[in-house]
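Examination of the molecular architecture
Chain by chain, the residues:
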Amino acid sequence: MKNNIENIWDDVLIKLEQEHDVSSAAINAWIKPLHIEDVQNNNIILSLDAKYGERGIQFIKKKMYDFYISLAIQDLTGKKYDIIFELEKDGASEKSSTKEPVQDDNNLNPRYTFDTFVIGDNNQMAHAASIAVAEAPAEAYNPLFLYGGAGLGKTHLMHSIAHYIIEHDSNLNVLYVTSEDFTNEVINSIQHKKQEELRNKYRSIDVLLVDDIQFIIGKDSTQQEFFHTFNALYNSKKQIILSSDKPPKDLDVLEERLRSRFSWGLTVDIQPPDYETKIAILRKRAELDHIYIDDEIFDYIATHIKSNIRDLEGALNKIKVYSKLNKQPIDLELSKIALQDLIDNKSKQKITPELILKTVAEHYNIQTSDIISKKRSHDIAYPRQICMYLCKKLTDTSLVKIGEVIGKRDHSTVIHGVEKIEKDLKKDSNLQNIIDVITKKME
Ligand SMILES: Nc1ncnc2c1ncn2[C@@H]1O[C@H](COP(=O)(O)OP(=O)(O)OP(=O)(O)O)[C@@H](O)[C@H]1O
């Protein structure tokens with residue numbers, strides 16, 4: 001009896017999708033993990049991995065999947081069965097709980113595919129352009145330049161393009177690197193006198209994807225090497241895909257010849273997601289993780305986590321881990337407790353010129369009153385210029401207002417201060433570290 005049902009199980013899945021409108025995502029997430037345990041008289045016993053918990057079974061029932069499964073089986077066998085769910089014993093589930101690898105052989109995250117990417121108003125154009133490039137490398141847009149704030153999906157889209165191309169044409173040589181990887185390769189090649197080898201490697205690529213290209217700024221040899229790589233690939237009609245936190249025109253300190261090349265193809269941005277897209281992303285994530293989460297919890301996360309998608313996913317993970325550690329089911333109460341720190345911290349996150357002044361003063365062990373004073377000694381004037389730079393970069397405050405806050409200074413003084421720091425950042429990598437540390441202190 002059990003065999004009979006096992007034999008038609010694939011057809012049951014097809015019927016669920018085609019005739020009962022159960023989405024393929026729901027089938028993958030909820031129906032495929034079910035095991036046919038036993039068939040007794042009119043009952044089919046389906047077991048679910050213990051990690052889904054009772055809530056998983058409640059979810060399946062709430063979605064009426066038992067009803068549709070029963071209908072599909074009746075259609076196929078002519079017999080009506082009742083579907084009974086049970087949880088697998090702990091040990092039984094272990095065989096299927098292998099951990100998902102974070103990277104495959106191509107340096108790509110297997111989870112970052114077009115299938116798992118949620119499309120919203122914020123990323124629609126970037127997604128469409130990525131599909132176009134993936135379907136016809138070097139024909140649609142070259143280079144494709146994706147930009148946007150941290151954690152908004154640039155890497156996810158780049159990996160999706162790479163997966164897609166590799167899957168559809170295994171002859172193409174696809175390479176995904178971060179600009180940090182590229183920089184390290186350049187440094188090693190110089191150190192070991194293997195520049196020729198590096199050039200040969202990069203020039204034999206059909207599709208080159210470089211993530212976070214802004215980090216080559218200020219690294220002269222890397223920029224030079226990348227310039228030649230870019231030209232060689234572009235001239236041989238190879239696809240180049242780049243990502244950055246800013247559009248090419250705003251990469252002020254990047255060599256002009258690179259900046260202009262980056263704009264030759266298509267530049268598209270990814271904006272922060274709106275509420276609906278955040279909810280859709282959270283739902284998708286929970287579905288992929290096989291956990292059942294109530295809509296009110298999604299709503300709580302989406303309204304309280306304002307920043308990026310990485311933070312949204314982090315919030316969901318925190319809830320999962322908290323529930324597991326405390327052996328409590330996931331509900332709104334538990335979620336609020338689990339996210340307490342995250343949400344409190346986030347609300348403190350508003351960076352204002354006053355906070356910048358205080359943090360910079362603390363960092364340099366001077367007084368805020370020194371920063372706004374008329375003192376011109378280097379140990380005061382330089383932190384003051386860092387304040388100007390950070391106010392311009394991290395807040396929406398106008399230059400005039402920044403000048404006012406920093407000791408009633410003229411806006412041209414502020415421009416001078418900002419430019420001085422930008423110039424120094426090009427030559428002094430330690431300054432970038434200092435800026436990063438100060439920024440982190442304000443988060
Ligand atoms: N539209 C989306 N649909 C589903 N998941 C998304 C989407 N956008 C981002 N994510 C997820 O959010 C997380 C952060 O995304 P990703 O690493 O691609 O951001 P990024 O823009 O490259 O950030 P950074 O600039 O910091 O490198 C990833 O886990 C990714 O899968």
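The protein chain goes by Chromosomal replication initiator protein DnaA in an unreviewed UniProt entry, where it is assigned to Anaerostipes butyraticus. Looking at the Sequence similarities (unreviewed entry) heading of the UniProt record, one finds this comment for the protein chain: "Belongs to the DnaA family."

Tallying secondary structure elements over the protein chain gives 22 helices and 8 strands in all. Looking at the protein chain as a whole, 44% of its 443 residues qualify as buried. Considering only residue pairs separated by 6 or more positions, the protein chain has 70% of its internal contacts joining residues 24 or more positions apart. Put simply, the protein chain shows about 23200 Å² of open surface, and 48% of that area lies on carbon and sulfur atoms.

With 14 residues, helix α22 (residues 429–442) extends 21 Å from end C-alpha to end C-alpha; this agrees with the ideal 20 Å at 1.5 Å per step. Every buried residue of α22 is accounted for by Leu431, Ile435, Ile438, Thr439 and Met442. All buried residues of α22 fall inside an arc of 100 degrees around its axis, so they share one side. Along α22, exposed side chains directed more than 90 degrees from the buried face belong to Ser429 and Lys440. Packing partners of the buried residues in α22 comprise α17 (353–364), α19 (378–394) and α21 (411–427). For α22, the capping residue at the N-terminal end is Asp428, with a side-chain oxygen 3.0 Å from the backbone nitrogen of Asn430.

Mapped onto the fold, Ala140 is located in the loop between α6 (124–135) and β4 (144–148). According to the relative accessible area criterion, Ala140 is partly exposed, its value standing at 36%. Taking the C-alpha atoms as reference, Ala140 lies 9.7 Å from Ser130; in sequence the two are 10 residues apart. Residues in contact with Ala140, not counting those within four places in the same chain, are Ala132 and Val133.

Another aspect to go through is the side chain of Asp206. On the secondary structure map, Asp206 appears in the loop between α9 (195–203) and β6 (207–211). Of the polar contacts made by the side chain of Asp206, one reaches the backbone nitrogen of Asn173; its length is 2.6 Å. Once you skip the residues sitting within four places of it in the chain, Asp206 turns out to touch Asn171, Leu172, Asn173, Lys238 and Gln239.

With that out of the way, let us pick up the site of the ligand. Of all residues adjacent to the ligand, which total 19 residues, the nearest are Val118, Gly151, Thr155, His156 and Glu313. Between the ligand and the protein, one listed contact pairs an oxygen atom with a side-chain N or O atom of Arg111 at 3.2 Å. At 2.6 Å from an oxygen atom of the ligand is found a side-chain nitrogen or oxygen belonging to Glu313. Compared with its free state, where it exposes 630 Å², the ligand has 92% of that area covered by protein. The set of elements that each furnish at least two residues to the shell around the ligand consists of α7 (154–168) and α14 (309–325).

A separate point is the pattern of salt bridges. Should their charged atoms come close, side chains of opposite charge can pair. Here the structure, examined in full by the defined rule, presents 19 salt bridges. For Asp206, the salt bridge goes to Lys238, with nearest N and O atoms at 3.0 Å. You can see Asp206 sitting in the loop between α9 and β6 and its partner Lys238 sitting in the loop between α10 (220–235) and β7 (239–244), a full 32 residues away along the chain. Using a relative accessible area of 16% as the deciding quantity, one classes Asp206 as buried. A relative accessible area of 23% means that Lys238 is categorised as partly exposed.

Thresholds applied
Residues numbered from 1 in each chain as written. Predicted model: local features only at pLDDT ≥ 70, side-chain atom pairs only at ≥ 80, totals over all residues. Heavy atoms only, no water. UniProt positions renumbered as here; feature names shortened; annotations may be inferred. Helix = DSSP H or I, 4+ residues; strand = E, 2+ residues; numbered from the N terminus. Buried < 20%, exposed > 50% of the residue type's maximum accessible area, 1.4 Å probe, protein only. Contact = heavy atoms within 4.5 Å. Areas by Shrake-Rupley, 256 points an atom, 1.4 Å probe, with all protein chains shown as cover. Expected span 1.5 Å × (residues − 1). Arc of directions from axis to C-beta. Polar contact = N/O pair within 3.5 Å; in protein donor to acceptor, adjacent residues only side chain to side chain. Near = heavy atom within 4 Å. Salt bridge = Lys/Arg side-chain N within 4 Å of Asp/Glu carboxyl O.

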